[in-house]
Structures are given as structure tokens and as C-alpha cells.
Amino acid sequence: GVFEFDIPDASTTISLSDRNYGKLVLSAYAAGGLLDYTAASTRRITVRSDFEINLGVRLNLNCSDTFLIGRNFIQHGGIINLSSLSRKLVMAVSGSLTQAAAGIISETGSSSAELVLVGNNQQAVDMRGEILNNVLFKLKNSSGAILNAPLQLPFSLVLSPQCLHHTIRGYSVSFAPMTQQMV
């Protein structure tokens, strides 16, 4: 099923720790279009289907395990801060990665965060917004990925060895600074 948070407050803390969701949606409609969500966790978070962030949502995560998304990560807008304090979060996406131009993925804490493609089939990446700060972008999918828009990474691209026989096809990937690495 679908579980949607849409709270009529300016800010709220939500419980994601050690939870399993079907489809998880974060919205800000009931709050008049702008809502700050905060979540902390030291345990795995699982969304079996899609994880969707709507316009006006600002999500600050302080999590130290894996945030597993079984299907697609869809960001219509808003800001997701993958590491707001000292914990390192790995956001593992099994399906497509879609981000509208109004979307921002960042980290502001003392630890870098990871956005990892872990699907079993080729994954589509259509990121038209921004990735800021020390967010590592990892490809751990031996079927590879296809870019549907230019991808700008401010920190690092990590390719696992089994991904090397495939190319990231589509648009170019640009880096600042150049810090690709193999794991």
C-alpha cells in the first residue's frame, strides 16, 4: 500500500527507523506548501516500492544504516539532506532515479552520504535538479545505467568492477573535482 506523510505543521519528526513501507510519499500540501521533516535512525529503512518527495518538502536525515528503495526514487522538488549530522547514510535505489529541476539532494553533516544504484536491470537516471556537497554517487549494478539527462556530480562517482563492461550511456557526466574511484 501507499503510506503518505502530509502533516499540517511547519515541521515534524517522523519515525523511519527499522520500518518497512510499501510506497512512501512525503508531501507538504496540508502545511500550505512547505514542510520540514526530520528523521533519525541507526537501523535499516525499507521502502518496498517507490519513495516519492513532493514540492515543498525538506527532509533532513540523520541515519547510519541503509535506506533501501525497492523500486523508484522520485523527487518532484524539495530538498533531501542525506546526512544532516554525523551519521553516514547509504540510499540504495533498485529502480529508476528521477529528479525534477526543482529538486536538491545534499548532505550538510560531517560525514559523506551515498546514493547507490543497486538494481538487477539497467537503471534509468533522469536527474535534472542538483546534487550538492559530499554525496557519493555509486553504480553497483552489473547491468549498468542509462542517463536521460546530463548528470553533474560535485563529489565522486564510484563504479564497482563488475560494472566496467557496461557503459553509462546517454548524456555526459561531469565532475567537480575529478574524483572517480574504483571499489
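Details of the structure are given in the entry above.
The rules behind each value
- Residues numbered from 1 in each chain as written.
- Predicted model: local features only at pLDDT ≥ 70, side-chain atom pairs only at ≥ 80, totals over all residues.
- Heavy atoms only, no water.
- Helix = DSSP H or I, 4+ residues; strand = E, 2+ residues; numbered from the N terminus.
- Buried < 20%, exposed > 50% of the residue type's maximum accessible area, 1.4 Å probe, protein only.
- Contact = heavy atoms within 4.5 Å.
- Areas by Shrake-Rupley, 256 points an atom, 1.4 Å probe, with all protein chains shown as cover.
- Phe/Tyr/Trp six-rings, centres within 6.5 Å; stacked < 30°, edge-to-face > 60°.
- Salt bridge = Lys/Arg side-chain N within 4 Å of Asp/Glu carboxyl O.
- Pairing = 2+ DSSP bridges.

Peer 1: Just to check I follow, could you spell out the overall build of the protein chain for this structure?
Peer 2: Assigned secondary structure in the protein chain consists of zero helices and 24 strands. Sorting the 183 residues of the protein chain into buried and exposed places 45% on the buried side. In the protein chain, the share of contacts with a sequence separation of at least 24, taken over all contacts with a separation of at least 6, comes to 46%. Of the accessible surface of the protein chain, which amounts to about 8100 Å², a share of 50% is contributed by carbon and sulfur atoms.

Peer 1: Can you help me understand the packing of aromatic side chains in this one?
Peer 2: Each pair of aromatic rings is reported with the distance of its centres and the angle of its planes. Counted according to the given criterion, the structure contains five aromatic pairs. Look at Phe3 and Phe5: their rings are 4.9 Å apart centre to centre, the planes differ by 65°, and that puts the pair in the edge-to-face class. What makes Phe3 partly exposed here is its relative accessible area of 39%. Ring geometry for Phe51 against Phe73: centres 5.7 Å apart, planes inclined by 20°, an arrangement best described as stacked. Here Phe73 lies in strand S10 (residues 73-75) and Phe51 lies in strand S7 (residues 51-53), a separation of 22 residues in the sequence. For the pair Phe51 and Phe73, a shared accessibility class is recorded, and that class is buried. Ring pairs connect the aromatic residues Phe3, Phe5, Tyr21 and Tyr37, which therefore count as one cluster.

Peer 1: Help me understand the pattern of salt bridges in this model?
Peer 2: Pairing between side chains of opposite charge can happen when their charged atoms approach one another. Using the criterion set out here, one finds six salt bridges in the structure. A salt bridge links Lys138 to Glu114; the shortest N-O distance between them is 3.3 Å. In this pair, Lys138 is assigned in strand S18 (residues 135-139) and Glu114 in strand S15 (residues 113-117), connecting sequence segments 24 residues apart. Given a relative accessible area of 8%, Glu114 falls into the buried group.

Peer 1: Explanation requested: the pairing of strand S14 (residues 103-106) in the structure shown.
Peer 2: Remember that side chains alternate between the two faces of the sheet whenever the strand is regular. Of the strand pairs in this sheet, strand S11 (residues 78-81) and S14 are connected by four bridges, and their pairing is parallel. The residue bridging Ile79 from the neighbouring strand is Ile104, located in S14. Pairing of S14 with strand S17 (residues 130-131), which is carried by two bridges, proceeds in the parallel orientation. From the neighbouring strand, Ile104 faces S17, where its bridge partner is Glu130.

Peer 1: I keep staring at the sheet that holds S11 and nothing clicks. Help me out?
Peer 2: Where strands meet in a sheet, backbone hydrogen bonds hold them as pairs that are either parallel or antiparallel. Read from one edge of the open sheet, six strands run S2-S5-S8-S11-S14-S17, paired in parallel fashion. Whereas interior strands pair on both sides, the edge strands pair on one side only; in this sheet they are strand S2 (11-13) and S17.

Peer 1: It is not clear to me how the side chain of Ser49 should be interpreted in this structure. Could you clarify?
Peer 2: With respect to the secondary-structure elements, Ser49 resides in the loop between strand S6 (45-47) and S7. In this structure Ser49 touches Gly22, Lys23, Ile69, Gly70, Arg71 and Asn72, once residues within four positions along its chain are discounted.

Peer 1: What exactly am I supposed to notice about the pairing of strand S5 (residues 35-41) here?
Peer 2: Here S5 shows one buried face, formed by Leu35, Tyr37, Ala39 and Ser41, and one open face, formed by Asp36, Thr38 and Ala40. Pairing between S5 and strand S8 (residues 57-63): seven bridges, direction parallel. Looking across to S8, one finds that Leu35 is bridged to Val57.

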